[in-house]
Amino acid sequence: MNATDNEDVITRRTLETDGAAPAAQISTLVAALEDREPTDLSPVYYSVNELLSALFSSPPRATADAAVEFTYEGYRFRVRQDGTATVARAER
């Protein structure tokens, strides 16, 4: 499944691209979807935070339309360099 398939999309959000810990926004988003506290979720992998930080801090030219895809807590995320996050249920 690709997180951009419209029939699978649960939500689209715009993440803050100038924040210090972009991955924290991911756990906050999942916590809201699950009606849980972010601290009740597993930690977001350090590598995801690094990928998002790199995507937001030194993005390629806009024409590149770079994106990062990953799975976290049963959700598939696709995050574009402009901060647009598309969330779908991960395949099981």
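Residues numbered from 1 in each chain as written. Predicted model: local features only at pLDDT ≥ 70, side-chain atom pairs only at ≥ 80, totals over all residues. Heavy atoms only, no water.

K.L.:
Quick rundown of the nonpolar core? Include the residues and the values.
P.N.:
The biggest cluster of nonpolar side chains holds 19 residues, and the ones touching the most others in it are Ile26, Leu52, Phe70, Tyr72, Phe77 and Val79. Of all the elements in the fold, those that place two or more residues in this core are helix H1 (22-34), helix H2 (46-57), strand S2 (67-72), strand S3 (75-80) and strand S4 (84-89). With residues up to four places along the chain from it excluded, the contact list for Phe70 reads Ile26, Val48, Leu52, Tyr75, Arg76, Phe77 and Val79. (Core = buried A, V, L, I, M, F, W, Y, C linked by side-chain atoms within 4.5 Å. Buried < 20%, exposed > 50% of the residue type's maximum accessible area, 1.4 Å probe, protein only. Helix = DSSP H or I, 4+ residues; strand = E, 2+ residues; numbered from the N terminus. Contact = heavy atoms within 4.5 Å.)

K.L.:
Residues and numbers for unusual backbone geometry, please.
P.N.:
Residue Asp35 is not a glycine yet carries a positive backbone phi of 55°. You can see Asp35 is positioned in the loop between H1 and H2. You can call Asp35 exposed: its relative accessible area is 73%. Residues other than glycine seldom take positive phi values, yet Glu73 does so here, at roughly 55°. Here Glu73 shows up in the loop between S2 and S3.

K.L.:
Go over the sheet that holds S4 with me, naming the residues and quoting the values.
P.N.:
Spatial strand order, S1-S4-S3-S2: 4 strands in an open sheet with antiparallel pairing. Only two strands of the sheet have a single neighbouring strand rather than two, namely strand S1 (9-14) and S2. Ignoring which end each strand starts from, the neighbouring axes of this sheet average 20° apart. Inspection of the sheet shows S3 paired to S4 by 5 bridges, in the antiparallel sense. Following the sheet pairing, Phe77 is matched in S4 by Val87. Along the sheet, H1 makes contact with S1, S2, S3 and S4, crossing S3 at roughly 135°. (Pairing = 2+ DSSP bridges. Axes fitted to C-alpha atoms, helices over the stretch in contact; angles between N-to-C directions.)

K.L.:
Now, about the environment of Pro22: what can you tell me, with residues and values included?
P.N.:
Mapped onto the fold, Pro22 is located in helix H1. When the C-alpha positions of Pro22 and Leu52 are compared, they lie 6.3 Å apart, and in sequence the two are 30 residues distant. Leave out the neighbours within four places in its chain, and Pro22 touches Asn49, Leu52, Ser53 and Phe56.

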